[in-house]
Amino acid sequence: MPRWKLNTEFTIDSAHFIQGYDGKCGRMHGHTYKVRMTAISTKLNPSAYLKTPDMVCDFKELKWAAADFEKGGLDHAVLNEVIPVVTTAERIAEYLHTETMKRLPDGIELIVTVWETENNWVEYTAD
Ligand SMILES: [Zn+2]
């Protein structure tokens, strides 16, 4: 069976603190989060911008979070005001997965990777 794996990467500058963390991560600070979205599909789909079924999904839908917070994304957001759970990289990846899946056609497997720093990252998918 054919299988396409669509990848895109972007960064988000955001502030956060880890509620309940006993240490410096419990104080407000910022990260340039790097995010990779990997969308895997065995069929191609139309999109809002292309009516014929020739893409896994539109890159724009995978990159919504890169937009300015005031335009619906997460760039220059205070993540604690947006994400209703503790803002660890694990939970941020889970949130990005949930919100991105709402924008994608059915049948896509999505893997979200979030780098909090260059050497620390988490990968999330839902089976
Ligand atoms: Zn942090």
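Residues numbered from 1 in each chain as written. Predicted model: local features only at pLDDT ≥ 70, side-chain atom pairs only at ≥ 80, totals over all residues. Heavy atoms only, no water.

Asks: How should the coordination of the zinc ion be read in this particular structure?
Replies: Perfect tetrahedral coordination of a metal by four donors corresponds to 109.5 degrees between them, and perfect octahedral coordination by six donors corresponds to 90 or 180 degrees. Around the zinc ion, the protein contributes the donor atoms H16 (NE2), H29 (NE2) and H31 (NE2), at 2.0 to 2.1 Å from the metal centre. Motif for the zinc ion, donor spacing along one chain: H-x12-H-x1-H. Of this pair, H16 sits in strand β1 (residues 4-16) while H29 is found in strand β2 (residues 29-41), placing the two residues 13 residues apart along the sequence. Judged by relative accessible area, H16 falls into the buried class, the value being 1%. (Donors = N, O, S within 2.8 Å, 3.2 Å for Na, K, Ca; no water. Helix = DSSP H or I, 4+ residues; strand = E, 2+ residues; numbered from the N terminus. Buried < 20%, exposed > 50% of the residue type's maximum accessible area, 1.4 Å probe, protein only.)

Asks: Sorry, what's going on with the packing of aromatic side chains here?
Replies: In this description, a pair of aromatic rings is defined by centroid distance and the angle of the planes. One pass over the full model with this rule turns up one aromatic pair. With a centroid separation of 5.9 Å and an interplanar angle of 35°, the aromatic rings of W115 and W121 are classed as tilted. Overall, W115 belongs to the buried group, its relative accessible area being 11%. Overall, the relative accessible area of 51% leaves W121 in the exposed class. Positioned over the ring face of W115 is K34, at 4.4 Å from the centre of the ring. Looking at R103, its charged tip hangs above the ring of W64, at a distance of 4.0 Å from the centre. (Phe/Tyr/Trp six-rings, centres within 6.5 Å; stacked < 30°, edge-to-face > 60°. Lys NZ or Arg CZ within 6 Å of the ring centre and 35° of its normal.)

Asks: Before we go on, may I ask you to explain the pattern of salt bridges in this structure?
Replies: Per the counting criterion, the structure on display carries four salt bridges. Among the ionic pairs, R36 bridges to E9, the shortest N-O distance being 2.7 Å. Within this pair, whereas R36 is found in strand β2, its partner E9 is found in strand β1, the two being separated by 27 residues in sequence. Its relative accessible area of 39% is what places E9 among the partly exposed residues. Taking the shortest distance from any N to any O, the salt bridge between E94 and R91 comes out at 2.7 Å. Of this pair, E94 and R91 are both found in helix α2 (residues 89-101), three residues apart, which corresponds to roughly one turn of the helix. Look at R91 and you get partly exposed, because its relative accessible area is 38%. (Salt bridge = Lys/Arg side-chain N within 4 Å of Asp/Glu carboxyl O.)

Asks: Where do I start with unusual backbone geometry in this structure?
Replies: Where the residue is not glycine, phi is negative for most of them; where a peptide bond is considered, it is trans in most cases. One non-glycine residue, H76, lies in the positive phi region at around 55°. Tracing the backbone through its elements, the reader meets H76 in the loop between α1 (59-62) and β3 (77-78).

Asks: Can you help me understand α2 in this one?
Replies: Relative to the 18 Å expected for 13 residues at 1.5 Å per residue, α2 spans 18 Å between its end C-alpha atoms, a close match to the ideal helical length. Buried residues of α2: A89, I92, A93, Y95, L96, H97, E99 and T100, and no others. Packing partners of the buried residues in α2 comprise β2, α1, β4 (109-117) and β5 (120-125). (Expected span 1.5 Å × (residues − 1). Contact = heavy atoms within 4.5 Å.)

Asks: Help me out: how do you make sense of the environment of P53 in this one?
Replies: With respect to the helices, strands and loops of the structure, P53 is situated in the loop between β2 and α1. Residue classification places P53 among the partly exposed residues on the basis of a relative accessible area of 49%. C-alpha separation for the pair P53 and I92, spaced 39 residues apart in sequence, amounts to 31 Å. Ignoring sequence-local partners within four residues, the contact set of P53 consists of L44, N45 and P46.

Asks: I'm lost on the pairing of β1 in this one. Help?
Replies: Successive residues of a regular strand alternate their side chains across the two faces of the sheet. Across 13 bridges, β1 lies against β2 in antiparallel orientation. Bridge assignment links H16 to a residue of β2, and that residue is H29. Relative to β3, β1 runs parallel, the two sharing two bridges. Across the sheet, A15 pairs through a bridge with V78, a residue of β3. (Pairing = 2+ DSSP bridges.)

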